[in-house]
Amino acid sequence: MIAQMHVKGLMFDPYNNAYIVILRDENQSEMLPIWIGKPEASSISLALENIAPPRPMTHDFMKAYLDAVNAKVISVVITDLNENTYFAKIHLMYGDSEYTVDSRPSDAIALALRSEAPIFVNESVIKKQSSEELDQWLENLKPEDFGKLDS
């Protein structure tokens, strides 16, 4: 089973000096934080705020390239969590064929936002996420850690 998720926002984790993209399911019952790099966080942020940079960034280029060859992003799926590393796949339609490409979740999310494609997460990934670690991480958060986080 897979669950559709939406990007609810980005935040900075000062304890790990990393950015986190927050995914929530449609019922707001599940949350999946994924730690990402600064360039990917910047790219996701630009897409969330509908800001076009003066020159295309990598994910803008990827979207333009797919558009130029008439390929379409159907969806992205966060497929696995192994040793604190998330894995994803981008599902593309080109002509009459569907293709699947391995990806980092941050790149898949950045491309999905630009393509207005849905984001899904395998339920096994949500279950693998250690609720103890998540609870401890949430307990350590302060309101100022959230920055711009949609509700």
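Let us look at the structure shown here.

Conventions we followed
Residues numbered from 1 in each chain as written. Predicted model: local features only at pLDDT ≥ 70, side-chain atom pairs only at ≥ 80, totals over all residues. Heavy atoms only, no water. Buried < 20%, exposed > 50% of the residue type's maximum accessible area, 1.4 Å probe, protein only. Helix = DSSP H or I, 4+ residues; strand = E, 2+ residues; numbered from the N terminus. Pairing = 2+ DSSP bridges. Axes fitted to C-alpha atoms, helices over the stretch in contact; angles between N-to-C directions. Parallel < 35°, antiparallel > 145°, perpendicular 65-115°, else oblique. Left-handed = near helix turned anticlockwise from the far one by under 90°. Contact = heavy atoms within 4.5 Å. Nonpolar A, V, L, I, M, F, W, Y, C, P; charged D, E, K, R; others polar. Patch = residues over 30% accessible without salt bridge, like charges linked within 9 Å, V, L, I, M, F, W, Y side chains within 5 Å. Areas by Shrake-Rupley, 256 points an atom, 1.4 Å probe, with all protein chains shown as cover. Salt bridge = Lys/Arg side-chain N within 4 Å of Asp/Glu carboxyl O. Core = buried A, V, L, I, M, F, W, Y, C linked by side-chain atoms within 4.5 Å.

## Overview of the pairing of strand E2 (residues 18-25)
For E2, the tally of buried residues reaches six of eight residues, placing the bulk of the element in the interior. Pairing between strand E1 (residues 2-13) and E2: eight bridges, direction antiparallel. Residue pairing in the sheet places Met5 in a bridge with Asp25 of E2. Counting the residues that bridge the hairpin from E1 to E2 gives four residues, and of these Asn17 lies at a positive phi of roughly 55°. By the bridge criterion, six bridges tie E2 to strand E3 (residues 31-36) in an arrangement that is antiparallel. Across the sheet, Val21 pairs through a bridge with Ile34, a residue of E3. Turn length for the E2-E3 hairpin, with the two strands adjacent in sequence and antiparallel, is five residues, and the turn residue Gln28 shows positive phi of about 60°.

## What to know about the packing of helix H1 (residues 38-48) against helix H3 (residues 105-115)
Where H1 meets H3, the closest approach of the two axes is 9 Å, and the angle between their N-to-C directions is 15°. Comparing their axes, H3 and H1 come out roughly parallel. In the packing of H1 onto H3, the handedness of the crossing is left-handed. Listed contacts from H3 to Glu40, Ser43, Ile44, Leu46, Ala47 and Leu48 of H1 are Ser106, Asp107, Ile109, Ala110, Leu113 and Arg114. Class assignment for the residues of the contact of H1 with H3 results in seven nonpolar, two polar and three charged.

## Some points on a nonpolar patch on the surface
A cluster of nonpolar residues, Phe61, Tyr65, Val69, Tyr94 and Tyr99, forms a patch on the protein surface that exposes about 530 Å² of accessible area. Among the structural elements, Val69 can be located in the loop between helix H2 (58-68) and strand E4 (71-82). Of the residues examined, Val69 reaches a relative accessible area of 32% and is grouped as partly exposed.

## A short note on the nonpolar core
Formed by 31 residues in total, the largest nonpolar core has its most connected members in Val21, Leu23, Leu32, Ile34, Val73, Ile78 and Val121. Look past the residues within four positions of Val121 in its chain and what remains in contact with it is Met1, Ile2, Ala3, Met5, Leu23, Leu32, Ile78 and Ile126.

## Brief notes about H3
Within H3, 10 of the 11 residues are buried, leaving the element largely enclosed by the surrounding structure. Within the span of H3, buried status applies to Pro105, Ser106, Asp107, Ala108, Ile109, Ala110, Leu111, Ala112, Arg114 and Ser115. Following H3 by one or two positions, Glu116 has its phi on the positive side, about 55°.

## Description of unusual backbone geometry
The phi angle at Asn70 is positive, at roughly 60°, despite the residue not being glycine. Within the secondary structure, Asn70 is located in the loop between H2 and E4. Of note, Asn84 is a non-glycine position whose phi angle comes to about 65°, a positive value. Structurally, Asn84 can be placed in the loop between E4 and strand E5 (85-94). Classification of Asn84 by relative accessible area gives exposed; the value is 66%.

## Quick word on the pattern of salt bridges
For the structure on display, the rule yields six salt bridges. Among the salt bridges present, the one from Asp67 reaches Lys63, with a minimum N-O distance of 2.7 Å. Of this pair, Asp67 and Lys63 both sit in helix H2, four residues apart, which is roughly one turn of the helix. The class of Asp67 is partly exposed, set by a relative accessible area of 41%.

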